[in-house]
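# Notes for the structure review
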Amino acid sequence: MEKVHNYNINESNELMIGNFSAKNLVETYQTPLYVMDEHRIVENMKNMKQSFSQQSLKTEVIFAGKAFLTKAMVKLIKENNLSLDVVSIGELYTAISAGFDPKNIYFHGNNKTEEEIVYALNVEVGTIIIDHKDEFELLSSLATNYYPHLLLRINTGVEAHTHEYIKTTHHNSKFGVSAYDDKTLDLINMINQSPFDFMGIHAHIGSQIFEISSFQQHTIEMIEFSYKVKQKLNVDINYINLGGGFGIKYTDEDRVPNIKEMLKEVLNTADEHIKKLNLNIKKLMIEPGRSIVADAGVTLYSVGSLKTTYGQKNYIFVDGSMADHMRTALYQAKYEAVIANRVNGEKNTIYTIAGKACESGDMIIHDIKLPEVKKNDIIAVFTTGAYHYSMASNYNRLLKPAVIFVNQDKARIVVKRETLKDLIRNDL
Ligand code: LLP
């Protein structure tokens, strides 16, 4: 069977997600609609766990909830034995509400509020990632009978861009404390002598990274920093959390590395350096978000009207917008799409797919070649599983779409479509 973005096309030339045609899904669930292929999420989780494993070191895969989090997603994470990274009381509450074991939760954030810390302590979150000294002092003043494990977020100066890493000479990130600052060693000493269990260090160098060398460099810097801590303080770093950021393919232009090979290389590099420096590092962790969910998501829109401008630009207007698809406007991100109800056809027209929000930058895809589009066609935009639902807003008082999970023969709503009543629920 012919495929597009790894999805089948049926005999009627319609896009299939699992065993459902996108056209049938739209008849049942309407548009705009976020569709998540549950089977693919699970495959991605399994591959990630399998690739990030090695005999000589313990490893842990922690899903970065910011990419996509709902109660149904929490259950999938749990069923597949991944841990979870949360960055707010909202993400934490979602996880706890869905019955996730708090011991396997890592609580991040550069400005955790008192309310958030108290909640995290009450539910007994397993690990808190300390961002800086003020935060540690706040946590110390709030903890009375439960002391979670702590990691310290450090900043190695390795900053990765999509195609390369650079070592920054100025260390002004809003996240973490610098590996070059002596005060960081003082903070480690302070944490180590507190009633908390100091477990090690965390760093995240960026997102949508393509270069294996960036991660290798990052891994080396983390291990060398651990060596410095051992030399200067005689404190063992037991755990190193390398963060997330593994790049994925949005369009044919993206030259992505093979994640399996990349993770193997990272583990080999780590193993070699840990042995060379004779360190007591017991576990390595990664925190992928995008690489678990992005390619499992498809957004379905209905075409309202079409317009050819005086300047001869062909617009397709869809019933969604930057409120449900933020990344094109925000990052000039690129996507691929098809007409889901008749995928194959002569691609003879260049269109710009625009949303319905009141803002000129509200575009979904610029300049895409498609067969001639008609009113009521369904547009399927691929690779929208990460940072779409989680970044959706109510701009223009637009309603957030429903999210459905499709797994072979089963389709189910996991987040209901918002209603007009939802919009004014909190208005007084
Ligand atoms: N860990 C930490 C501490 C992070 O800050 C992030 C992402 C991740 C893990 C997961 O990174 P991933 O594997 O998903 O690349 N809104 C942007 C992405 C922001 C990512 C922020 N941090 C986007 O739509 O591209």
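See the structure above.
Quick look at the structure, then. (Residues numbered from 1 in each chain as written. Predicted model: local features only at pLDDT ≥ 70, side-chain atom pairs only at ≥ 80, totals over all residues. Heavy atoms only, no water.)

## So, the overall build of the protein chain
The number of helices and strands found in the protein chain is 12 helices and 24 strands. Here the protein chain has a C-alpha radius of gyration of 23 Å; the compact-globule value for 428 residues is 22 Å, and the two agree. Its C-alpha atoms give the protein chain principal-axis dimensions of about 70 × 50 × 45 Å. The buried share of the protein chain, taken over its 428 residues, is 55%. Partitioning the intrachain contacts of the protein chain with sequence separation of at least 6 by distance along the chain shows that 69% fall at a separation of at least 24. About 19500 Å² of surface is accessible on the protein chain, with carbon and sulfur atoms providing 47% of the total. (Helix = DSSP H or I, 4+ residues; strand = E, 2+ residues; numbered from the N terminus. Rg over C-alpha atoms; globule rule 2.2 N^0.38 Å. Buried < 20%, exposed > 50% of the residue type's maximum accessible area, 1.4 Å probe, protein only. Contact = heavy atoms within 4.5 Å. Areas by Shrake-Rupley, 256 points an atom, 1.4 Å probe, with all protein chains shown as cover.)

## Some details on the packing of aromatic side chains
Counted under the stated rule, the structure contains nine aromatic pairs. Pairwise contacts between aromatic rings join Tyr34, Phe68, Tyr389 and Phe405 into one cluster. Taking the ring centre of Tyr7 as reference, the NZ or CZ of Arg40 above it sits at 4.2 Å. (Phe/Tyr/Trp six-rings, centres within 6.5 Å; stacked < 30°, edge-to-face > 60°. Lys NZ or Arg CZ within 6 Å of the ring centre and 35° of its normal.)

## As for helix α2 (residues 38-51)
With 14 residues, α2 extends 20 Å from end C-alpha to end C-alpha; this agrees with the ideal 20 Å at 1.5 Å per step. Within the sequence span of α2, burial applies to Glu38, Arg40, Ile41, Val42, Asn44, Met45, Met48 and Ser51. Sitting at the amino-terminal end of α2 is Asp37, which places a side-chain oxygen 3.2 Å from the backbone nitrogen of His39. (Expected span 1.5 Å × (residues − 1). Polar contact = N/O pair within 3.5 Å; in protein donor to acceptor, adjacent residues only side chain to side chain.)

## A word on the layout of surface pockets
The calculated volume of the largest pocket comes to roughly 740 Å³. For the lining of the largest pocket, the secondary structure elements donating two or more residues are α4 (89-97), α11 (327-331) and β24 (410-415). Across the lining of the largest pocket, the residue classes break down as 11 nonpolar, 10 polar and nine charged. Shared between two domains, the lining of the largest pocket takes at least three residues from each, and those domains are domain 1 (3-37 + 294-423) and domain 2 (108-288). (1 Å grid on protein atoms, 1.4 Å probe; cavity = no way out; pocket = protein on both sides within 12 Å on 5 of 7 lines; lining within 4 Å. Points joined across faces, edges and corners; volume = space filled by probe spheres on them. Nonpolar A, V, L, I, M, F, W, Y, C, P; charged D, E, K, R; others polar. Domains from an automatic or database assignment.)

## What about the site of the ligand?
Taken together, 18 residues are adjacent to the ligand, and Ser207, Glu287, Arg327, Tyr331 and Tyr387 come closest. The separation between an oxygen atom of the ligand and a polar side-chain atom of Lys66 is 3.3 Å. Bound to the protein, the ligand loses 86% of the 580 Å² it would expose on its own. Class assignment of the residues belonging to the shell around the ligand gives a composition of five nonpolar, seven polar and six charged. Built from parts of two domains, the shell around the ligand gets at least three residues from each of domain 1 (3-37 + 294-423) and domain 2 (108-288). (Near = heavy atom within 4 Å.)

## Describing unusual backbone geometry
The omega torsion of the bond from Thr31 to Pro32 falls at -10 degrees, within 30 degrees of zero and hence cis. Mapped onto the elements, Pro32 comes out in the loop between α1 (22-29) and β5 (33-37). Its identity is not glycine, yet Asn81 carries a phi of approximately 60 degrees, on the positive side. Relative to the helices and strands, Asn81 is located in the loop between α3 (71-79) and β7 (83-86). By relative accessible area, Asn81 is classed as exposed at 58%. Non-glycine residue Asp367 carries a positive phi angle of around 45 degrees. Mapping Asp367 onto the fold places it in strand β21 (residues 363-370). The exposure class assigned to Asp367 is exposed, which follows from its relative accessible area of 53%.

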